[in-house]
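For reference, the chains in residue letters:
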Amino acid sequence: MGHWEWPLVLFTVLGQTSVGIIFCLWLLERKRGKQAVQAGPEYQKFMQSSVLVSGVLLAVAMIASLFHLGHPLAAYRALTHLGTSWLSREILLFVFTFGAWAYLALLSKRPGGKLTGVLALTSALGFLGIISSALIYTLPRVPAWNNLGPVIFFLMTGMILGALVTAVLSRKALAGGEMKQMLGIALGSVMGSAILYLLYFSGLEVTPEGAATAQALLSSPVFWLRAAVGWILPILLILNTISKQDNPQSQLIVLALTCGVVGELLGRGLFYVSAVGMQITALM
């Protein structure tokens, strides 16, 4: 088995969470714009704090990624291979995403500012960056990576944690229907992630190398901890919260987010461990 690659774990999970938050904010702004709902002071404060949190997460993610490089100060050289390298495209897209976020942060401080367009732009650039990150790993010589799994699970992380963070930050600002929408996105994403993992395992069984990866994951206690903390507990907590929508349980939402974060970090660590190990096997 390989290493946990903590710089990449933090970069991918935190960066994807940041993009997920921006996307959820876009959904809320778009819905409010269509319904011509006036934004009160609590909602404006929520938008500003959410934009700030997303930017901090994105900045920390980008800094963490530098620790994976042998020469962090030479990271700019990766941009010289845009025509052939998904890594170069990933870096450029996340730089653009951060630039769009900076403009978004400026607009969010202006009362009555229209954020729908810049939220859409920022989330679109971020999602393209996430897809570019995933495509780095779709290598023919690594059966555990050479499929749609990296793309799907990277996007699912953004949706799960983005929706849960937004729900936590918006506990006093959103109407019942809006909170239900955020929790519904989180619930659907967690359930979808668990189901897609089953399909992912069935796909791995096609090749001997893939079957070895599936066996290694299923025999790892960390995987079952990830399943319990990252899938089962969030599903139960979110369902409990939705059932009490007239009196949302803030503690349950925070606990669901905590479980989701731990689960996604463990899952991403296992992703690197299993795939790196298969890369060595595939090259033997």
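Residues numbered from 1 in each chain as written. Predicted model: local features only at pLDDT ≥ 70, side-chain atom pairs only at ≥ 80, totals over all residues. Heavy atoms only, no water.

*Asks:* Any chance you could explain the overall build of the protein here in plain terms?
*Replies:* Counting its regular elements, the protein contains nine helices and zero strands. Restricting to contacts in the protein with at least 6 residues of sequence separation, those with at least 24 account for 77%. In the form shown here, the protein has an accessible surface area of approximately 13400 Å², with 69% of it arising from carbon and sulfur atoms. (Helix = DSSP H or I, 4+ residues; strand = E, 2+ residues; numbered from the N terminus. Contact = heavy atoms within 4.5 Å. Areas by Shrake-Rupley, 256 points an atom, 1.4 Å probe, with all protein chains shown as cover.)

*Asks:* What should I look at first to understand the packing of helix α3 (residues 86-108) against helix α4 (residues 116-135) in this one?
*Replies:* When two helices pack together, you describe them by how their axes are tilted relative to each other and by the distance separating the axes. Here α3 crosses α4 at 160 degrees, and the two axes come no closer than 8 Å. In terms of orientation, α3 lies roughly antiparallel with respect to α4. Handedness of the α3/α4 crossing: left-handed. Mapping the contact onto sequence places Trp86, Arg89, Glu90, Leu93, Phe94, Phe96, Thr97, Ala100, Trp101, Tyr103, Leu104 and Leu107 in α3 and Val118, Leu119, Thr122, Leu125, Gly126, Leu128, Gly129, Ile130, Ser132, Ser133 and Leu135 in α4. Classifying every residue of the contact of α3 with α4 by side-chain character gives 15 nonpolar, six polar and two charged. (Axes fitted to C-alpha atoms, helices over the stretch in contact; angles between N-to-C directions. Parallel < 35°, antiparallel > 145°, perpendicular 65-115°, else oblique. Left-handed = near helix turned anticlockwise from the far one by under 90°. Nonpolar A, V, L, I, M, F, W, Y, C, P; charged D, E, K, R; others polar.)

*Asks:* For this particular structure, what's the right way to read the environment of isoleucine 160?
*Replies:* Summarising the element assignment, isoleucine 160 is placed in helix α5 (residues 149-169). Among all residues touching isoleucine 160, those that are not within four sequence positions of it are Ala186, Ser189, Val190, Ser193 and Glu264.

*Asks:* Before we go on, may I ask you to explain the nonpolar core in this structure?
*Replies:* When a protein is soluble and globular, its nonpolar side chains tend to lie buried together. Membership of the largest hydrophobic core comes to 79 residues, with the highest contact counts inside it found for Leu25, Phe46, Leu104, Leu119, Ile238 and Tyr272. For this core, the leading source of residues is helix α1 (residues 6-35), giving 14 residues. When residues no more than four places from it in sequence are discounted, the contact partners of isoleucine 238 are Leu164, Leu183, Ala186, Leu187 and Ala256. (Core = buried A, V, L, I, M, F, W, Y, C linked by side-chain atoms within 4.5 Å. Buried < 20%, exposed > 50% of the residue type's maximum accessible area, 1.4 Å probe, protein only.)

*Asks:* Looking at this model, I keep getting lost on the packing of aromatic side chains. Mind explaining?
*Replies:* The relative placement of two aromatic rings is captured by the distance of their centres and the angle of their planes. All chains considered together, the criterion is met by 22 aromatic pairs. On the basis of an interplanar angle of 80 degrees and a centroid distance of 5.9 Å, the ring pair of tyrosine 197 and tyrosine 200 is categorised as edge-to-face. A residue pair is termed a helical-turn pair when its members lie 3 or 4 positions apart in one helix, as tyrosine 197 and tyrosine 200 do in helix α6 (residues 176-204) at three residues. Grouping residues by exposure puts tyrosine 197 and tyrosine 200 together as buried. Aromatic rings pair up to connect Phe153, Tyr197, Tyr200, Phe201, Phe223, Trp224 and Trp231 into one cluster. Taking the ring centre of tryptophan 86 as reference, the NZ or CZ of arginine 89 above it sits at 4.4 Å. (Phe/Tyr/Trp six-rings, centres within 6.5 Å; stacked < 30°, edge-to-face > 60°. Lys NZ or Arg CZ within 6 Å of the ring centre and 35° of its normal.)

*Asks:* When you look at the pattern of salt bridges in this model, what are you seeing that I'm missing?
*Replies:* Note that side chains of opposite charge can pair when their charged atoms are close. Within the structure shown, the criterion is met by two salt bridges. Where glutamate 178 meets arginine 32, a salt bridge forms, and the shortest distance between an N and an O atom there is 2.7 Å. Here glutamate 178, found in helix α6, pairs with arginine 32, found in helix α1; they are 146 residues apart in sequence, far enough to count as distant. Glutamate 178 sits in the buried class, given a relative accessible area of 8%. A relative accessible area of 10% places arginine 32 in the buried class. (Salt bridge = Lys/Arg side-chain N within 4 Å of Asp/Glu carboxyl O.)

*Asks:* I'm lost on the side chain of serine 170 in this one. Help?
*Replies:* In this fold, serine 170 is placed in the loop between α5 and α6. In contact with serine 170, not counting residues within four places along its chain, are Phe46 and Met179.

*Asks:* I tried to follow the side chain of serine 193 on my own but got confused; where do I start?
*Replies:* Turning to its location among the elements, serine 193 is positioned in helix α6. Excluding residues within four positions of it along the chain, serine 193 makes contact with Phe153, Met156, Ile160, Arg226 and Trp231.

*Asks:* When you look at a nonpolar patch on the surface in this model, what are you seeing that I'm missing?
*Replies:* A cluster of nonpolar residues, Leu52, Val56 and Val60, forms a patch on the protein surface that exposes about 250 Å² of accessible area. By relative accessible area, valine 60 is classed as partly exposed at 39%. (Patch = residues over 30% accessible without salt bridge, like charges linked within 9 Å, V, L, I, M, F, W, Y side chains within 5 Å.)

*Asks:* Even after reading the chapter, I still don't get helix α7 (residues 208-218), so can you show me in this structure?
*Replies:* Residues three or four positions apart in an α-helix share a direction because the helix packs 3.6 residues into each turn. Among the residues of α7, Gly210, Thr213, Ala214 and Leu217 are the ones counted as buried. Buried residues of α7, viewed axially, fall in a sector of 95 degrees; they line one side. For α7, the exposed residues set more than 90 degrees away from the buried face come down to Pro208 and Gln215. (Arc of directions from axis to C-beta.)

*Asks:* Could you clarify how one ought to interpret the environment of glycine 129 in this entry?
*Replies:* Take glycine 129: it is sitting in helix α4. Residues glycine 129 and valine 19, spaced 110 residues apart in sequence, show a C-alpha to C-alpha distance of 9.3 Å. For glycine 129, the contacting residues outside a window of four places in its chain are Glu90, Leu93 and Phe94.

*Asks:* Honestly, helix α2 (residues 41-66) in this entry has me stumped. Any pointers?
*Replies:* Over its 26 residues, α2 extends 38 Å from the first C-alpha to the last, a length consistent with the 38 Å expected when each residue adds 1.5 Å. Every buried residue of α2 is listed here: Tyr43, Phe46, Met47, Ser50, Val51, Ser54, Gly55, Leu57, Leu58, Ala61, Ala64 and Ser65. (Expected span 1.5 Å × (residues − 1).)

In short, geometric facts, not functional conclusions.
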